[in-house]
Every structure is written in structure tokens, then in C-alpha cells.
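Listed below, chain by chain, are the residues.
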Amino acid sequence: MKSIIKTIFSLFLGISLMSCEDVIDLNVPETEKYLVVEGTITDVAGEQVIKLSESQALLSSTTPRAITNAVVKVTDNTGKIYEFKDLKNEGKYVWTPSSSTEIMGVIGKTYTLRIEAEGETFQAVSELKRVPKIDSIVYKYEDSPNLNQSGDDKPKEGYDANFYAKDFVGVGDCYRVKVYKNGKLFSGAENIVIAYDALLNKSSVGDGLMFILPLRRAISPELYAENDKLKVELSSITEAHFDFWTQLRTELNNSGLFATPAARIPCNVNNTNPNSKKQAAGWFGTSAVTSLEVTIDKNKAVKEFND
């Protein structure tokens, strides 16, 4: 009898699970389109770029519409104006320096972005903060699976790397860490690495310290092979920009059974007309940048990392 009941229960469970595979078409209501702003002013010599586009419906797979014919200007706190031009009519607005050594971004200055687009005016303000130098990049050979790696396509052996940098004294310095392997940026949601002083999260106890191990190890999302080029870029960001990256990373990784309702990500670009329905998304940032690049050489590998 127990065997019959068990068999019936198994059949019922199987049918129930099969019924969970029905496809459900979501009827997502249309919302007001946003102006999407992407751009960061840096202290690196060369062109500066601000991209403008229009937001898409939640389930859309089309290419976002570029916002063209806009007037885009950035003014620093001394009154100097930098004009950005959409040279190819594709929503990519570029400021071109007059010489190869001219630098737009200066640490300590404040920059105001003003956008006039499709009958609306938007504005954002950001201060360019300081950034420490990267002291060194070190690496050691690893012949067992790297704990940072996931996926069968990753190298099974190679070099695991750390970088070393020390936070400035003074609570509240924020940074973003970018990593390039052979010139290609690791750009997945899992590669959004930000720091508050020397820590991953906001706290006063990391002030003035060497970056903690999880930050240093974040430059090895996968192992490196000999002769690979590894570049680490450390950029200063404002605390508000840190909050933006924190929530963006949360939303990009918000999936699965225990996912929470989506929330709007903060934006520092505002419509100067508070009564307008047209709002903005994205972020206008300012960054001082320091970087260091090494070529993986087995003769320069270390035996162990220093704490």
C-alpha cells in the first residue's frame, strides 16, 4: 500500500512540476522615456566623451535611440567652458583638446554639465576628487582552480594577481577599480569593483590603510598566462557616485528566487524644469585616474602575497 501511495505521489509531483513550465507573457506598461547620460570627465590627456541616448522599454531588444542635435557644455568653477560636439551624429558628444598635452580635469575643481536636448534643459554637478598611486602589481603561479573564477571557459592554471595601493588619510575617499587583460576591460556586473577608503563598504575604520585583500584580489577575475598584459586602473569617484555604483551592481545581480523588487537607481542629472515629465537616468562623473600595467613574466612571479 505504501508503495502504491508513493508511486501516485511521485506521478502527481512530476505532473505538477511540468505544469510550472508554462510560458507567461508579461504585459509591461509603457513609461515616460528618460534621457540617459553616460560620461566622466578625467584628468587624463585627450578627448572627453559624453553619450546621450533614450531609455527603452523593459523587455525591448532594440538599439537605444541616440539623442542627436543636443547642445552639450561643461563649465568648471573658474568659468571656463568646454563645448562637446556630436561629430558623427550618433549621440556621442566629444570635447577635443587643442593640443596633445591639454587636460580638462583638474583635482579639486567642480564641473557643471549642461544639456539642451529636445526642448528640455538638464544639469549635473560633480567635483573631481584625488586618487592615490598604485604602488605595485604582483602575481604568483596557481595550479589549482582560482576561487575568483567561475565557468568552464576559464583557465585551469596560470597566474593569480594582487595590486597594492594605499588610501589617503581623511574619511570618505571613494574609488572604482577597472581591470584590463590584453587591452580588454573586464566589464561584467561582477567586475564592478568600488572602494570606500580602503574597504568594500562605507565605514570609518578603513581610512588611510592599504586596500584590503578582497579589493586587491579583485583584479584576478580569471587567471593570467605568461606574456599576458595586465592593467589596473584606479579612479576617484564622489561618494554619491559610489552610491550609484553600489545600487547599480545590486540591481544587475538582482535575480533568482529571492530577488527583490527593482528600484530606481540614483541619478545626478536633473531637469531644470521641476514640472517637466522628462527626467534623466545615468550619471555624470569626474575622476582622477592612476594606472599601472605589467606583462606576466614567470621570472618575476612571487611565491606568496604579502598581507
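Preceding block: the structure.
The rules behind each value
Each chain carries its own residue numbering, running from 1 in the written order of its sequence. In view of the model being predicted, local features appear only for residues whose pLDDT reaches at least 70, and side-chain atom pairs are presented and counted only at 80 or more, with totals across whole chains, interfaces and linings using the full set of residues. Note that water and hydrogens are dropped before the side-chain values are worked out from all heavy atoms of the structure. What makes a salt bridge here is a side-chain nitrogen of Lys or Arg within 4 Å of a carboxyl oxygen of Asp or Glu, nothing more. The way it works is that DSSP assigns letters per residue, a run of H or I at least four long becomes a helix, a run of E at least two long becomes a strand, and they are numbered from the N terminus. Think of it in three bands: with a 1.4 Å probe and only protein chains considered, a residue is buried below 20% of the maximum accessible area for its type, exposed above 50%, and partly exposed in between. Side-chain rings of Phe, Tyr and Trp (the six-membered ring for Trp) are treated as a pair once their centres are within 6.5 Å; stacked means planes under 30 degrees apart, edge-to-face means over 60, and tilted covers the remaining angles. Any Lys NZ or Arg CZ found within 6 Å of a ring centre and within 35 degrees of that ring's normal is scored as a charge over the ring.

(A) Highlighting the pattern of salt bridges. Per the stated rule, a full pass over the model turns up 16 salt bridges. Between Arg65 and Glu118 there is a salt bridge, and its shortest N-O distance comes to 3.0 Å. Taken together, the residues span a long stretch of sequence, with Arg65 in the loop between strand E2 (48-54) and strand E3 (71-76) and Glu118 in the loop between strand E6 (110-117) and strand E7 (120-127) at a distance of 53 residues. Classification of Arg65 as partly exposed rests on a relative accessible area of 38%.

(B) Representation of the packing of aromatic side chains. Enumeration over the complete set of coordinates arrives at eight aromatic pairs. Centroid distance Tyr141 to Tyr159: 5.4 Å. Interplanar angle 75 degrees. Geometry classified as edge-to-face. You can see Tyr141 sitting in strand E8 (residues 134-142) and its partner Tyr159 sitting in strand E9 (residues 158-165), a full 18 residues away along the chain. Judged by relative accessible area, which is 41%, Tyr141 ranks as partly exposed. Between Tyr196 and Phe242, the aromatic rings sit 5.8 Å apart at their centres with planes inclined by 65 degrees, giving edge-to-face as the arrangement. Of the two residues, Tyr196 sits in strand E12 (residues 193-196) while Phe242 sits in helix H3 (residues 239-252), which places them 46 residues apart along the sequence. Here Tyr196 and Phe242 have matching classes, each one buried. Site record: aromatic cluster; members linked through ring pairs are Tyr139, Tyr141 and Tyr159. One cation-aromatic arrangement involves Arg176 over Trp245; the distance from NZ or CZ to the ring centre is 4.1 Å.

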